[in-house]
Each structure stands twice: as C-alpha cells, then as structure tokens.
Amino acid sequence: MIKLRRINNKEFVVNADFIEFVESTPDTVITLTNGVKLVVKESVDEVIEKVIEYKKRIFEGIIFNIQPFQKEHEG
C-alpha cells in the first residue's frame with residue numbers, strides 16, 4: 001500500500017498492485033485495474049517512487065524469508 005494525498009490534501013492509501021497507469025493531465029491521474037480514476041497531488045515521478053519503494057519492501061521481505069529456508073536445506 002502507498003500513501004497519497006487527494007487534491008484537498010486528504011491522505012489515503014491505495015494498493016500499488018492495482019495501479020494500471022499514471023498520467024499527468026496536468027493533474028496526476030492514477031487509473032486502477034478496475035477503471036477507477038484517482039486524482040492526486042503527487043507528481044507522476046513521486047507516485048512511481050512510492051511504488052518502487054513499496055515493491056522493494058515486499059521483495060526484501062520475500063528474500064529475507066527465503067534465505068533462512070535455503071540455508072536449512074543446504075547442509
């Protein structure tokens with residue numbers, strides 16, 4: 001989940017896995033996989049950065065959990 005702000009500065013969170021695309025119109029509009037459109041204060045680049053950070057946290061957790069499993073079964 002990533003935290004964003006609506007145009008009125010109200011914060012909300014969105015599941016980054018449901019973002020289909022992000023565009024600047026000039027407002028930043030996020031279109032979700034179900035067709036819902038969200039207008040946010042963050043720039044396209046800021047949204048991208050938030051998604052990248054979210055994905056890093058997810059994959060680091062997966063890698064962290066796999067490494068102990070691999071070590072147990074190596075020896």
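As the structure is a prediction and not an experimental result, all values here were calculated from the model.

Draft legend 1. Main features of the pattern of salt bridges. Across all of its chains, the model carries three salt bridges by this definition. Where Lys56 meets Glu53, a salt bridge forms, and the shortest distance between an N and an O atom there is 3.6 Å. Pair noted here: Lys56 and Glu53 are both in helix 1 (residues 44-74), with a separation of three residues, about one helical turn. Classification of Lys56 as partly exposed rests on a relative accessible area of 43%. With relative accessibility at 34%, the residue Glu53 sits in the partly exposed group.

Draft legend 2. Here's a closer look at the pairing of strand 1 (residues 2-5). Every second residue of strand 1 is oriented toward a common face, the buried set being Ile2 and Leu4 and the non-buried set Lys3 and Arg5. In the sheet, strand 1 pairs with strand 2 (residues 11-14) via four bridges, with the strands oriented antiparallel. Bridge pairing links Lys3 to Val13 in strand 2. As consecutive antiparallel partners, strand 1 and strand 2 are separated by five residues, and within that stretch Asn9 has a phi angle of approximately 75°, a positive value.

Draft legend 3. Focus on the pairing of strand 5 (residues 37-40). Here strand 5 shows one buried face, formed by Leu38 and Val40, and one open face, formed by Lys37 and Val39. If you look at the hairpin formed by strand 4 (residues 28-32) and strand 5, you'll find four residues sitting between the two strands, and Gly35 has a positive phi there, around 95°.

Draft legend 4. Layout of unusual backbone geometry. With an omega of 10°, the peptide bond running from Thr25 to Pro26 counts as cis. Along the chain, Pro26 falls in the loop between strand 3 (19-24) and strand 4. Unusually for a residue other than glycine, Asn9 sits at a positive phi of about 75°. Inspection of the secondary structure assignment puts Asn9 in the loop between strand 1 and strand 2. Under the relative-accessibility criterion, Asn9 is labelled partly exposed at 42%.

About the thresholds
Residues numbered from 1 in each chain as written. Predicted model: local features only at pLDDT ≥ 70, side-chain atom pairs only at ≥ 80, totals over all residues. Heavy atoms only, no water. Salt bridge = Lys/Arg side-chain N within 4 Å of Asp/Glu carboxyl O. Helix = DSSP H or I, 4+ residues; strand = E, 2+ residues; numbered from the N terminus. Buried < 20%, exposed > 50% of the residue type's maximum accessible area, 1.4 Å probe, protein only. Pairing = 2+ DSSP bridges.

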